[in-house]
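Each chain is listed here by its residues.
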Amino acid sequence: MRQPWKNDMNWSDVTPKAAWLNRRQLIAGGAAAVAAGPAWAKLDYKTSALSTDETPNTLEEITTYNNYYEFGTRKSDPAANAHTLKTDPWSVEIAGLVDKPGTYDLAELMTGLPLEERIYRFRCVEAWSMVIPWIGFELGKLLEKVGTQPGAKFLRMETVVRPEEMVGQRSRILDWPYVEGLRLDEAMHPLTIMATGLYGEELPNQNGAPIRLVVPWKYGFKSIKSVVKIELVAEQPVNTWQAINAREYGFYSNVNPEVDHPRWSQASERRIGGGLFAKRIDTQMFNGYGDQVASLYDGMDLTKNY
Ligand SMILES: Nc1nc2c(c(=O)[nH]1)N[C@H]1C(S)=C(S)[C@@H](COP(=O)(O)O)O[C@H]1N2
Ligand SMILES: [Mo]
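Note that the structure is predicted; figures quoted are calculated from it, not measured. (Residues numbered from 1 in each chain as written. Chains lettered and ligands numbered in written order. Predicted model: local features only at pLDDT ≥ 70, side-chain atom pairs only at ≥ 80, totals over all residues. Heavy atoms only, no water.)

(A) Up close: the overall build of the chain. Counting its regular elements, the chain contains 9 helices and 13 strands. In the chain, the share of contacts with a sequence separation of at least 24, taken over all contacts with a separation of at least 6, comes to 72%. Here the chain has roughly 13,500 Å² of accessible surface; of this, 53% comes from carbon and sulfur atoms. (Helix = DSSP H or I, 4+ residues; strand = E, 2+ residues; numbered from the N terminus. Contact = heavy atoms within 4.5 Å. Areas by Shrake-Rupley, 256 points an atom, 1.4 Å probe, with all protein chains shown as cover.)

(B) The environment of L139, seen in detail. Mapped onto the elements, L139 comes out in helix α6 (residues 139-146). L139 sits in the buried class, given a relative accessible area of 0%. Residue contacts for L139: discarding those within four places in its chain leaves L155, M157, L182, A187, T192, I193, M194 and L213. (Buried < 20%, exposed > 50% of the residue type's maximum accessible area, 1.4 Å probe, protein only.)

(C) Quick peek at the layout of surface pockets. Empty space within the largest pocket amounts to approximately 460 Å³. What lines the largest pocket is a set of 28 residues, and nearest its centre among them are N67, Y68, Y178, G220 and F221. For the lining of the largest pocket, the class distribution of residues is 17 nonpolar, 6 polar and 5 charged. Taken as a whole, the second largest pocket holds about 220 Å³ of empty space. For the lining of the second largest pocket, the residue count by class is 9 nonpolar, 8 polar and 3 charged. (1 Å grid on protein atoms, 1.4 Å probe; cavity = no way out; pocket = protein on both sides within 12 Å on 5 of 7 lines; lining within 4 Å. Points joined across faces, edges and corners; volume = space filled by probe spheres on them. Nonpolar A, V, L, I, M, F, W, Y, C, P; charged D, E, K, R; others polar.)

(D) How the structure looks around the packing of aromatic side chains. The tally for this structure, following the rule as stated, stands at 11 aromatic pairs. On the basis of an interplanar angle of 75° and a centroid distance of 5.6 Å, the ring pair of Y69 and W241 is categorised as edge-to-face. Here the residue Y69 occupies a position in the loop between α3 (59-64) and α4 (77-81), and W241 occupies one in helix α8 (residues 240-244), the gap between them amounting to 172 residues. Of the two residues, Y69 and W241, both sit in the buried class. An angle of 75° between the planes, with centres 5.9 Å apart, marks the rings of Y120 and Y289 as edge-to-face. With a gap of 169 residues between them, Y120 in strand β4 (residues 116-123) and Y289 in the loop between β13 (281-282) and α9 (290-293) connect regions that are remote in the sequence. By relative accessible area, Y120 is classed as buried at 0%. Within the aromatic cluster, the residues linked to one another by ring pairs are F154, F251, Y252, F286 and Y297. Across the ring face of Y289, the terminal group of R121 is positioned such that the distance to the ring centre comes to 5.0 Å. (Phe/Tyr/Trp six-rings, centres within 6.5 Å; stacked < 30°, edge-to-face > 60°. Lys NZ or Arg CZ within 6 Å of the ring centre and 35° of its normal.)

(E) Just the nonpolar core, in detail. In this structure, W134, L139, L155, M157, W217 and I230 are the most contacted members of the largest nonpolar core, which totals 78 residues. Broken down by element, the residue count for this core peaks at 6 residues, all from strand β5 (residues 128-138). Ignoring any residue separated from it by four or fewer positions in sequence, one finds W134 in contact with E116, E117, R118, Y120, F122, I193, A195, G197, L198, L203, R212 and V214. (Core = buried A, V, L, I, M, F, W, Y, C linked by side-chain atoms within 4.5 Å.)

(F) Representation of the site of ligand 1 in the model. In the vicinity of ligand 1 lie 17 residues, with N66, Y69, E70, T159 and K225 positioned nearest. One nitrogen or oxygen atom from the main chain of N67 is found 3.2 Å from a nitrogen atom belonging to ligand 1. At 2.7 Å from an oxygen atom of ligand 1 is found a side-chain nitrogen or oxygen belonging to K225. Structurally, ligand 1 is housed in the largest pocket. Looking at the shell around ligand 1, its residues break down into 8 nonpolar, 6 polar and 3 charged. (Near = heavy atom within 4 Å. Polar contact = N/O pair within 3.5 Å; in protein donor to acceptor, adjacent residues only side chain to side chain. Sits in = over half its atoms within 2 Å of the grid points.)

(G) Quick peek at the sheet that holds strand β2 (residues 91-96). The strand order β3-β2-β11-β6-β7 describes an open sheet built from 5 strands, whose pairing is mixed. Sheet topology places β3 (102-105) and β7 (179-183) at the edges, where each strand pairs with a single neighbour. Direction aside, neighbouring strands of the sheet carry axes that sit 20° apart on average. Each of β2, β3, β6 (154-159), β7 and β11 (227-233) is contacted by α6, which is oriented at about 105° to β6, the strand it contacts most. (Pairing = 2+ DSSP bridges. Axes fitted to C-alpha atoms, helices over the stretch in contact; angles between N-to-C directions.)

(H) Here's a closer look at unusual backbone geometry. The omega angle of the peptide bond from W176 to P177 is 0°, so this bond is cis rather than trans. Position of P177 among the secondary structure elements: in the loop between β6 and β7. Positive phi outside glycine occurs at S226, with the angle close to 40°. Position of S226 among the secondary structure elements: in the loop between β10 (212-214) and β11. Residues other than glycine seldom take positive phi values, yet N287 does so here, at roughly 60°. Mapping N287 onto the fold places it in the loop between β13 and α9.

In structure tokens:
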């Protein structure tokens, strides 16, 4: 049974990873590490009660099996190519129906927003999954800070466009920038975070440094990486994958074992790291977050709103 209030994992068993242990020691030993990283790489966070008690994937798995088409389409491309993106300084434009629009330096954007470690299940539409210990803050708290206006019903986000630093953007694999969207109540939900780290470290570039969205009950493509713009809008935005193939990819993209992708089943998933002969696991409705989020979709036909 899932016990969201409890997280009694022994980290040293899970991840015998030098950097993780080092960072933990630095936290214990004081703030010495702060000087090393950019201003937004804060270290004061604690594990959230919203975390799953499943065992996280290793840092190796999380950073070498990625989807980030700005760096290529193979799972190994982001790890090989993403180091060329300069993530400091970084600013994010807040635009549209907000009280305090503007272009915010990342440290300024994050001021006053508590960082937490959130160990979340993460499931790609390609039917593989991982468990990832993100560090991030609630998107809803950021939206409260900038003040959403009554006409704001949806939110639209964009990834940075820098073909000179992102080798995949030199080809028209996708129509850059990568765009994603959420309904405002989805964006305000406490499970929706902007991640700036994982495994107690700054976010690796291949995972969307320096700031990316994480929506754990939706397929992975909703969790847009390296965000430079957040716009509050009145109309439902068109996201990148929907624009390419609306029959296969919708706006909602909630993890749903009962609604198959037109070309493959969504009923089960392969947990990365389980080994070649590992049994597939049953996919859970809303990726297992149904108790928290199902009410957002009351009365909606999730077969039509896929
Ligand atoms: N900008 C951008 N964001 C993106 C993608 C991408 O290609 N470009 N891929 C998405 C997909 S399909 C998935 S499954 C996740 C993968 O996140 P991870 O590599 O951190 O596990 O990122 C999502 N965010
Ligand atoms: Mo994905």
